[in-house]
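Structural characterization, general
Spelled out from the first residue to the last, the chains are:
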Amino acid sequence: MDGAFFNFIKPYLSYIDSGKFYKKPFEWLHVFFAVVSLLFPVVIFIYMASNGLFSLPAKIVVMCVLMFIVMIFGGWISFQIWWDRRKKVTAVVKEGDDFIVVPVFSKFIQTAGESFGTNLAIMGFFIPLITKIFMGDEISMMASQLGMGSCLPGGIPSMITLPIAGFFVIIVTKLQVELFQALVSIANNTKHR
């Protein structure tokens, strides 16, 4: 049974077995999130500007512009994280490796954690600082009027807790990745004995 009827799918199966079937989409996913990281703050700024941001009092406009600058900076950092990791996600698997999806997916989780945690730390420090400088204690009054309770970031507690939370997001996702890598390493070592 070596005819073309039985073997025409072999190139496709070889492509899957080589790992390229999994690696390329994850590389594209990294590029997608890199671009989204750059564009998201700009899109939000355009949306807010088109909905009357510049008709608000000058103090609020300056505060929002500074917050958007922080968001753009955070987006630029996230872009760099996703862009740098896009090639590393494909380098984690080599031709002939038995385990392909776990290492590739775990690197994706690590990158997502690094991006989110870094943004949480950057924005979690600077946005409460900016709101505290411009709004003072008015931010909590504004939050309660908007029905957000204490959800709006403001003040020193947020400036301390949000960067720490960002750090722990990075640590927890890295821990997950290392656990996945340990399992793959153990499986590879026991298979070759």
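Source: prediction; values computed, not measured. (Residues numbered from 1 in each chain as written. Predicted model: local features only at pLDDT ≥ 70, side-chain atom pairs only at ≥ 80, totals over all residues. Heavy atoms only, no water.)

**A short note on the environment of Phe134**
Turning to its location among the elements, Phe134 is positioned in helix 5 (residues 101-135). For Phe134, a relative accessible area of 22% gives the class partly exposed. Between the C-alpha atoms of Phe134 and Lys59, which are 75 residues apart in sequence, the distance is 6.8 Å. The residues touching Phe134, leaving out its near neighbours within four places in the chain, are Lys59, Val62, Met63 and Leu66. (Helix = DSSP H or I, 4+ residues; strand = E, 2+ residues; numbered from the N terminus. Buried < 20%, exposed > 50% of the residue type's maximum accessible area, 1.4 Å probe, protein only. Contact = heavy atoms within 4.5 Å.)

**Brief notes about the pattern of salt bridges**
Opposite charge on two side chains permits them to pair, given that their charged atoms come into close proximity. Scanning the entire structure with this criterion turns up 5 salt bridges. Taking the shortest distance from any N to any O, the salt bridge between Lys87 and Glu27 comes out at 3.0 Å. With Lys87 in helix 4 (residues 58-91) and Glu27 in helix 3 (residues 20-50), this pair connects stretches of sequence that are 60 residues apart. Residue classification places Lys87 among the partly exposed residues on the basis of a relative accessible area of 44%. By relative accessible area, Glu27 is classed as buried at 8%. (Salt bridge = Lys/Arg side-chain N within 4 Å of Asp/Glu carboxyl O.)

**Brief notes about the confidence of the model for the protein**
If pLDDT is low for a region, its predicted coordinates should not be looked at in detail. When the pLDDT values of the protein are averaged, the result is 83; 85% of them are 70 or greater. Here helix 6 (residues 138-145) stands out as the element of the protein with the lowest mean pLDDT, 63, in contrast to helix 4, whose mean of 91 is the highest. (pLDDT = per-residue confidence, 0-100.)

**Here we look at the side chain of Arg86**
On the secondary structure map, Arg86 appears in helix 4. No salt bridge is formed by the buried Arg86; the nearest opposite charge belongs to Glu27, separated by 4.6 Å. Residues contacting Arg86, with those up to four places away along its chain left out, are Glu27, His30 and Val31. (Lys, Arg positive; Asp, Glu negative; His and termini not counted.)

**With respect to a nonpolar patch on the surface**
The grouping of Phe8, Ile9, Tyr12, Leu13, Tyr15 and Phe21 at the surface amounts to a nonpolar patch, some 600 Å² of accessible area in total. Of all the elements, helix 2 (residues 10-18) adds the most residues to the nonpolar patch, at 3 residues. Following the sequence through the fold, Ile9 ends up in the loop between helix 1 (4-7) and helix 2. Taking the relative accessible area as the measure of exposure, Ile9 reaches 38% and is therefore partly exposed. (Patch = residues over 30% accessible without salt bridge, like charges linked within 9 Å, V, L, I, M, F, W, Y side chains within 5 Å. Areas by Shrake-Rupley, 256 points an atom, 1.4 Å probe, with all protein chains shown as cover.)

**Some details on the side chain of Ser115**
Along the chain, the position of Ser115 falls in helix 5. Among the polar contacts made by the side chain of Ser115, one reaches the side chain of Ser78 at a distance of 2.9 Å. Sequence-distant contacts of Ser115, that is, excluding residues within four places in its chain, are made with Ser78, Ile81 and Trp82. (Polar contact = N/O pair within 3.5 Å; in protein donor to acceptor, adjacent residues only side chain to side chain.)

**Brief notes about the packing of helix 2 against helix 3**
Where helix 2 meets helix 3, the axes come as close as 5 Å, and the angle between the chain directions of the two elements is 60°. Taken together, the axis directions place helix 2 and helix 3 in an arrangement best described as oblique. Mapping the contact onto sequence places Tyr12, Tyr15, Ile16 and Ser18 in helix 2 and Lys20, Phe21 and Tyr22 in helix 3. Considered class by class, the residues forming the contact of helix 2 with helix 3 number 5 nonpolar, 1 polar and 1 charged. (Axes fitted to C-alpha atoms, helices over the stretch in contact; angles between N-to-C directions. Parallel < 35°, antiparallel > 145°, perpendicular 65-115°, else oblique. Nonpolar A, V, L, I, M, F, W, Y, C, P; charged D, E, K, R; others polar.)

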